[in-house]
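Chain residues, written in single-letter form:
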Amino acid sequence: MSSDSTCQGKSSWPELLGAEGKVAAATIERENPLVEAIIVPEGSKVILDFRCDRVWVWVDKRGIVFQVPGIG
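Presented here is a report on the structure given in the accompanying data block. Computed from a prediction, not measured in an experiment: that's the story for all the values here. (Residues numbered from 1 in each chain as written. Predicted model: local features only at pLDDT ≥ 70, side-chain atom pairs only at ≥ 80, totals over all residues. Heavy atoms only, no water.)

Brief notes about the side chain of R54
And step 1. Within the element layout of this structure, R54 appears in strand β2 (residues 54-59).
And step 2. On the accessibility criterion, R54 (4% relative accessible area) is buried.
And step 3. Polar contacts involving the side chain of R54 include one to the main-chain carbonyl oxygen of D49, which spans 2.3 Å.
And step 4. Side-chain polar atoms of R54 contact the backbone oxygen of G72, separated by 2.6 Å. (Helix = DSSP H or I, 4+ residues; strand = E, 2+ residues; numbered from the N terminus. Buried < 20%, exposed > 50% of the residue type's maximum accessible area, 1.4 Å probe, protein only. Polar contact = N/O pair within 3.5 Å; in protein donor to acceptor, adjacent residues only side chain to side chain.)

Here it is in structure tokens:
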């Protein structure tokens with residue numbers, strides 16, 4: 001199992017729960033310029049490999065973050 005302990009910079013954004021997805025993605029990329037924040041609609045499938053340069057931003061049908069974004 002992979003861990004974000006080897007990744008650099010901020011790795012989790014619990015304060016963005018309930019935020020608008022686009023705002024959350026911009027905040028994540030501003031706070032850790034080493035990652036790309038990717039908005040993912042609820043119910044979508046994503047690749048399961050672990051990457052230090054990626055953050056999934058899960059949003060509901062209204063575009064609101066419903067899961068804590070974190071590196072992975």
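So much for the structure itself; the text now carries on.
Structural notes on the nonpolar core
And step 1. L16, A24, I28, V55 and V57 are the most contacted members of the largest nonpolar core, which totals 14 residues.
And step 2. Contributions of two or more residues to this core are made by α1 (21-31) and β2.
And step 3. Leave out the neighbours within four places in its chain, and V55 touches W13, I28, V35, E36, A37, I38, P69, G70 and I71. (Core = buried A, V, L, I, M, F, W, Y, C linked by side-chain atoms within 4.5 Å. Contact = heavy atoms within 4.5 Å.)

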